[in-house]
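# Breakdown of the fold
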Amino acid sequence: MKPEIVVLRPYVPSVMAALEQDFVLHRMWEAEDTAGLLAEAQAARGIATMGDVGADASLMEALPNLEIVACMGVGVDAIDLAHARNNGIAVTYTPDVLNDEVANTAIALLLAVTRQVCLGDRYVREGRWLAEGPMALNRSVVGKRCGILGLGRIGKAIARRAETLGCEIAYHGRHEQRDQPYRYYADLVEMARDSDIVIVICPGGAATHGLVDRAVLDALGPQGVFVNVARGSVVDEPALVAALAEGRLGAAGLDVFAEEPKVPEALLTMENVVLQPHVGSATIETRTAMCQLVLDNLRAHFAGQPLLTPVG
Ligand code: NAP
Ligand code: 8YV
């Protein structure tokens, strides 16, 4: 008999088809009555979710036979890990397969902000090039100091790319990584003060909540460029909006927000801000690899084999 799983959001079609073959699926996103779906899914032994959707304790509690939560995403801050651990529920995630993609997104945001790519596009489309002549000069990243908050799997991929662009790299985290060729700052404010650019790529969750506060943003300063591809929760969002509005921070490239998909109204009209709808890993190739890893973890679990990428 096929194991039953609750799928919270649709994955790429090829993986949905493979899931369909191996499991009985309860499709949460199609259900008008969530409680009704959960009542019908009492035999479910697995949840397939995504980083931004997660799985809270009440969802896990609603499925008495739950054995595994498989997450399409590397950030597991929206999954109640303590509840899972206390109840013997395995959790898997999708590290590494998205490093290059998310790093590319960070660099795309950095260049879009500094070289004013969106502004330039509008300048051409609106006929301003013709009417007003060349656009004003913008800022280079060459020779700039780039501080990375979170030199992990993705942070290292960003560091390599930013180095290639001509940036000087530093990083902040809880630990110094002596095998890395970059300068370590134990103090985030100090790193921001010594940086022209700060890129955030550490995990979300309670430990990093509001880590980037007014002091960090002020230290980065009026010429500073701020890029966040981590989680909105890592930044004090009202402080970020205020710093941009008051000219205490130069510019920002943001892929993530505190209350997605809501974005602070004030950001929508700022010319020095580039916004993206949480698309760090959102290519067909990378999402396919991430979904495949979810599938492989579920298959391993239900075959009694070791999980490929368990959390913790
Ligand atoms: P990772 O390999 O675990 O790296 C995380 C890094 O953050 C580590 O270098 C760690 O260094 C640092 N860190 C952890 N806790 C910290 C704290 N309290 N203060 C300061 N630094 C801390 O993770 P990853 O695979 O690179 O992914 C990082 C995060 O990116 C994910 O958790 C996810 O939230 C986000 N992400 C976003 C997207 C997107 O679509 N925008 C896509 C993928 C991932 P120390 O241990 O030395 O502190
Ligand atoms: C995905 C992410 O957008 O991996 C993560 O942590 O934030 C992204 O890759 C997300 O998991 C999809 O919900």
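Look above for the structure.
So, here is what we can say about the structure in this document. Keep in mind that what you see is a predicted model, and the values were worked out from it rather than measured.

A separate point is the sheet that holds strand β7 (residues 168–172). Reading across from one edge, β8-β7-β6-β9-β10-β11-β12 is the order of the seven strands in this open sheet, with parallel pairing throughout. Both edges of this open sheet fall to β8 (183–185) and β12 (273–275), since each of them pairs with a single strand only. On average, each strand axis in the sheet is inclined to that of its neighbour by 20 degrees, with strand direction left out of account. Where strand β6 (residues 145–149) and strand β9 (residues 197–200) come together, four bridges link them in parallel fashion. The residue of β9 that forms the bridge with C146 is I197. Sheet strands in contact with helix α8 (residues 153–165) are β6, β7 and β9, and its direction is about 175 degrees off that of β6.

Once that is clear, we can look at the nonpolar core. Y11, L19, I148, I158 and L298 are the most contacted members of the largest nonpolar core, which totals 52 residues. With eight residues, the single largest contributor to this core is helix α5 (residues 99–114). Residues M191, L220, V241 and V273 belong to the second largest nonpolar core, which totals 30 residues.

Among the 13 residues in the neighbourhood of ligand 2, the closest are listed as D52, V74, R231, H278 and S281. Contact between ligand 2 and H278: an oxygen atom at 2.7 Å from a side-chain N or O atom of the residue. A total of 330 Å² of accessible area belongs to ligand 2 in isolation, and the protein chains cover 93% of it. Residue composition of the shell around ligand 2, grouped by class: five nonpolar, five polar and three charged.

Quick notes on the rules
Here, residues in each chain are numbered from 1, in the same order as that chain's written sequence. Chain A is the first chain written and ligand 1 is the first ligand written, with later ones labelled in order. Totals for whole chains, interfaces and linings use every residue, but because this is a predicted model, local features are given only for residues with pLDDT of at least 70 and side-chain atom pairs only at 80 or more, for both listing and counting. Only hydrogens and water are set aside when side-chain values are computed; all heavy atoms of the structure are taken into account. For two strands to be treated as a pair, DSSP must find no fewer than two bridges joining them. Secondary structure is summarised from DSSP: a helix means a run of H or I of at least four residues, a strand means a run of E of at least two, and numbering begins at the N terminus for each. Working convention: axes come from line fits to C-alpha atoms, limited for helices to the stretch in contact. Angles between N-to-C directions cover 0 to 180 degrees. Contacts are residue-level and defined by heavy atoms, with any inter-residue pair within 4.5 Å sufficient. By nonpolar core is meant a set of buried Ala, Val, Leu, Ile, Met, Phe, Trp, Tyr and Cys residues that side-chain atoms within 4.5 Å join together. Burial classes: relative accessible area under 20% of the type maximum marks a residue as buried, over 50% as exposed, and values in between as partly exposed (1.4 Å probe, protein chains only). Only a single heavy atom is needed: when it lies within 4 Å of a molecule or strand, its residue is near that molecule or strand. Distance and chemistry together define a polar contact, namely a pair of N or O atoms within 3.5 Å, with one atom able to donate a hydrogen and the other to accept it when in protein, and with adjacent residues in sequence counting only for side-chain atoms on both sides. For the accessible areas, the method is Shrake-Rupley and the probe is 1.4 Å, while residue cover comes only from the protein chains on display. Polar here means any residue outside two lists: the nonpolar Ala, Val, Leu, Ile, Met, Phe, Trp, Tyr, Cys and Pro, and the charged Asp, Glu, Lys and Arg; Gly therefore counts as polar.

Any functional reading would require information beyond the geometric quantities listed.
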